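Now for the letters of each chain:
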Number of protein chains: 4
Amino acid sequence: MIRVTIYNEFYHERKDNLAHDIYPEGIHTTLKKALEGQDISVDTVTLDDIDELTCERLAKTDVLIWWGHCKHNDVPDEVAVRVQQAVLKGMGAIFLHSAHHSKPFKLLMGTPCNLCWRENGDYELLWVCDPSHPIAQGIDRFVKLDHEEVYSEPFTVPDPDKLVFISSFQGGEVFRAGCCYQRQNGKIFYFQPGHETYPTYHNKDIIRIIKNAVYWAAPIFRADKLEAVEVKKPLGE
Amino acid sequence: MIRVTIYNEFYHERKDNLAHDIYPEGIHTTLKKALEGQDISVDTVTLDDIDELTCERLAKTDVLIWWGHCKHNDVPDEVAVRVQQAVLKGMGAIFLHSAHHSKPFKLLMGTPCNLCWRENGDYELLWVCDPSHPIAQGIDRFVKLDHEEVYSEPFTVPDPDKLVFISSFQGGEVFRAGCCYQRQNGKIFYFQPGHETYPTYHNKDIIRIIKNAVYWAAPIFRADKLEAVEVKKPLGE
Amino acid sequence: MIRVTIYNEFYHERKDNLAHDIYPEGIHTTLKKALEGQDISVDTVTLDDIDELTCERLAKTDVLIWWGHCKHNDVPDEVAVRVQQAVLKGMGAIFLHSAHHSKPFKLLMGTPCNLCWRENGDYELLWVCDPSHPIAQGIDRFVKLDHEEVYSEPFTVPDPDKLVFISSFQGGEVFRAGCCYQRQNGKIFYFQPGHETYPTYHNKDIIRIIKNAVYWAAPIFRADKLEAVEVKKPLGE
Amino acid sequence: MIRVTIYNEFYHERKDNLAHDIYPEGIHTTLKKALEGQDISVDTVTLDDIDELTCERLAKTDVLIWWGHCKHNDVPDEVAVRVQQAVLKGMGAIFLHSAHHSKPFKLLMGTPCNLCWRENGDYELLWVCDPSHPIAQGIDRFVKLDHEEVYSEPFTVPDPDKLVFISSFQGGEVFRAGCCYQRQNGKIFYFQPGHETYPTYHNKDIIRIIKNAVYWAAPIFRADKLEAVEVKKPLGE
């Protein structure tokens, strides 16, 4: 059983009619219902109860999914560091859409994770670069999303260990939309689709990709602590 | 002085009116005139005289530029192996457009280097992913080409060491259009634009990119031979 | 059930007393016995019957393990190309020890895969760089082999997608001993230990690593053919 | 003219006789004298005057060299962030020896950058993996250092973009000793040799490597600021 925790700031869905209509119980609840199953259990946390993201809870989380947008700064620094540490020990992490600017993602990347963007209701085509990658299984050559927020290059992240998806938008922009990283023992997947005013997380291909990413990111090895080790003697003594 | 050799199969420009009108003296001649300068000298070779691509000539070439399309199979296997060996020793190589299917590129990559394509006169937007890369210097956020052949993912090459450009096309396709590789001592740049029926190599940004790539690929180290070395004794004896 | 095929040239074990004493039935038989189990089935092929490595057989092989040393040139070119194509379609491949110079490995890498070597009975220490990698599971900080052939850098392969093991030898040499690659749909693991005159494949840690690599390399996606695709019309028409 | 700034915490050389005897004016002064020349100018900063590492000064620094060991925590967080930001904008950075645990390096890597270590006066062999790399020019197959502190794997950094040197030590340990990274516009080189009680920075090969790294890391492109950009309209409007 893979234990998933979904963090959602849960702001737009309560303040904005458009977002509310699409995700009346919040993006986290939509994702929870879509991902839960025989071998995946899901808990959720929102900004209101973010202090529940304790070290203990993170130690019992196999894969953390993070959605945040305009409330990144309200996430306490300690929580961001805890998430970073949990990933380094081995917890998987999936950062969705505007979580490129979330504190834990930026801590793990070491870069500003900036991009260019605009919101004009463009369609998006999400292309598979590597059909053999676990996260692309079950997906055709591309997924069409009728409307998404436009993100475009340059995306100031470290070069991904593996680029699985590249997107184009109606206006011609391109974006590295599905990027895999490993940081110490933890696997990280950044995935661009999911603006709060479009029904992206009701799309079955998008859910399939996120579910694939959960399996991919689940740890096979976790460290208890992150410490440098002094080895007093030469080998063999 | 960087010594460039341009290989062009020089077929379309003599058989096809459209290509002839754009490149009356051949793509190689257009590129030669555009690249020659104070610190770059250029020689050219075509399929007619491909046997001139001897080991000696390749040893005196700093960067080889390769354009080929429908005559890949007429390139003798020995020539392809010679080019591969020269790159491994340290010669730079730039493979343009349909040279993704040229024999030396496929030998160096070890993969089929396939892609999807169509020809409908779409426009292309060539985006810079890394504005700090030497090959992207002097280029704005993107270059627009009014018409190009559409190439799209998946592009079955090994993951590039560095991805500098990603392109989108009018129909929505995406392609890793500018890919850097190192193979032993040699630097390799694959660059997608340049279909023979469009005036791509008359575009000053495209020329700027190819010229940047020449400087980038020029070797600082070359091996005389490619041999495994038996070291008879332990270190220090 | 993962279907493994082991190729061994099976020369030294019949001609050389030392190798014969350690592997009386051949390295392939030792590996077969060590790897077979509940979810791994193993077949073997030697140079004598290498023509049995047909496209059909490779299509039914999930992971091919290759051991060769002084008979690389006796492997027919067609067989090498068949193996390369099978990997590109999705078959996993593990190249052991001197298989760095085997024809299929060199075809897949595109480089000479040279190294420096000497044979003085040095001990080897095989170090884990990434304890979280699937191929390193169950292995301590390092594995000590009392005697191995010394391989040392530079190893003229493309930079691995992932470096799992680095070895040092008694004389002070270092070598990238465990290297992961992906080429199109296939996963490739190069693993250095295994000289025919030392009982390396009787070491349980070495077997554990090879078994881990079998699980890691087994395909989840295979292509039927390797062809470029012309897409006649723009998307949506 | 490449403008280098060297930061040295300058603690051991004033407190410890051994370090003082080897570097009476401090490691920074030894390095300054060794690196200065026709096209490299060098300034130095120590922990005493670390507040001089202002944004203005960093903006005028092409390559920052960092040596620190037991006083990492005395470096103010603001300075560490300033260094990180300067690198992201394009400044080169070379982190020497125990600077693997310095604040700016850890911020840029996003990982703990831990390793195992011991101090028994072992000799070190620093091996070149890629003889064609700019940082390895002029260096033979390996450099022998009679005594160095032992660092060993696993080194919990992100996989380097390019691994140039691997070291072995007398006791058999191995370490990725020369690692190249790019983070946004800045180039980063981590280089392991240089314990304060050994005369490593008096070794001409080590100096040659650091000088090569200065040339390699010097920026060709710098950003003025690090901001996400909203593009109000689709392309072409």
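Procedures and definitions
Residues numbered from 1 in each chain as written. Chains lettered and ligands numbered in written order. Predicted model: local features only at pLDDT ≥ 70, side-chain atom pairs only at ≥ 80, totals over all residues. Heavy atoms only, no water. 1 Å grid on protein atoms, 1.4 Å probe; cavity = no way out; pocket = protein on both sides within 12 Å on 5 of 7 lines; lining within 4 Å. Points joined across faces, edges and corners; volume = space filled by probe spheres on them. Nonpolar A, V, L, I, M, F, W, Y, C, P; charged D, E, K, R; others polar. Least-squares fit on C-alpha atoms with pLDDT ≥ 70 in both. Helix = DSSP H or I, 4+ residues; strand = E, 2+ residues; numbered from the N terminus. Contact = heavy atoms within 4.5 Å. Buried area = accessible area lost by both parts, 1.4 Å probe. Polar contact = N/O pair within 3.5 Å; in protein donor to acceptor, adjacent residues only side chain to side chain. Salt bridge = Lys/Arg side-chain N within 4 Å of Asp/Glu carboxyl O. Pairing = 2+ DSSP bridges.

Caption draft 1: Geometry of empty space enclosed by the protein. Scanning all chains against the criterion turns up 2 cavities of 30 Å³ or more. The computed volume of the largest cavity comes to approximately 160 Å³. If you trace the largest cavity, you find 16 residues lining it, with Gln182 and Gln184 of chain A, Cys129 and Asp130 of chain C together with Val157 of chain D closest to the centre. Taken together, the residues that form the lining of the largest cavity break down as 6 nonpolar, 4 polar and 6 charged.

Caption draft 2: A look at the relation of the copies chain D and chain A. It takes a turn of 180° to lay chain D on chain A, together with a shift of 0.0 Å along the axis; the resulting RMSD is 0.0 Å. As the rotation angle and translation indicate, the two copies are arranged about a two-fold axis. Using C-alpha coordinates, one finds that chain D approaches the rotation axis most closely at glycine 110 of chain D, a distance of 2.5 Å.

Caption draft 3: Local environment of the environment of proline 112 of chain D. As for its position among the elements, proline 112 of chain D is in the loop between α6 (103–109) and β5 (116–118). In the structure, proline 112 of chain D is positioned 12 residues away from histidine 100 of chain D in sequence and 8.9 Å away in space, judged by C-alpha atoms. Not counting chain neighbours up to four residues away, the residues in contact with proline 112 of chain D comprise Leu88, Gln184 and Leu226 of chain A together with His101, Lys106 and Thr156 of chain D.

Caption draft 4: Examining the interface of chain C and chain A more closely. Contacts between the two partners involve 18 residues from chain C, matched on the other side by 18 residues from chain A. Of the roughly 1,300 Å² buried between chain C and chain A, counting both surfaces, carbon and sulfur atoms make up 64%. Put simply, chain C and chain A have 4 residue pairs in polar contact (both at pLDDT 80 or more) between them. Each residue belonging to the side of chain C that touches chain A can be placed in one class, and the counts come to 9 nonpolar, 6 polar and 3 charged.

Caption draft 5: Broad picture of the interface of chain D and chain A. Across the boundary between the two partners, chain D contributes 32 residues, which contact 32 residues of chain A. A combined buried area of about 2,500 Å² lies between chain D and chain A, and 59% of that area is made up of carbon and sulfur atoms. For the pair chain D and chain A, the number of links is 0 salt bridges. If you list the elements that add at least two residues to the side of chain D that touches chain A, you get α5 (77–89), α6, β5 and β12 (229–230) of chain D. The class makeup of the residues in the side of chain D that touches chain A is 15 nonpolar, 10 polar and 7 charged. Judged from the 2 bridges that link them, strand β5 (residues 116–118) of chain A and β12 of chain D form a sheet pairing that is parallel. Looking across to β12 of chain D, one finds that cysteine 116 of chain A is bridged to valine 229 of chain D.

Function cannot be read off these values alone, since they describe shape.
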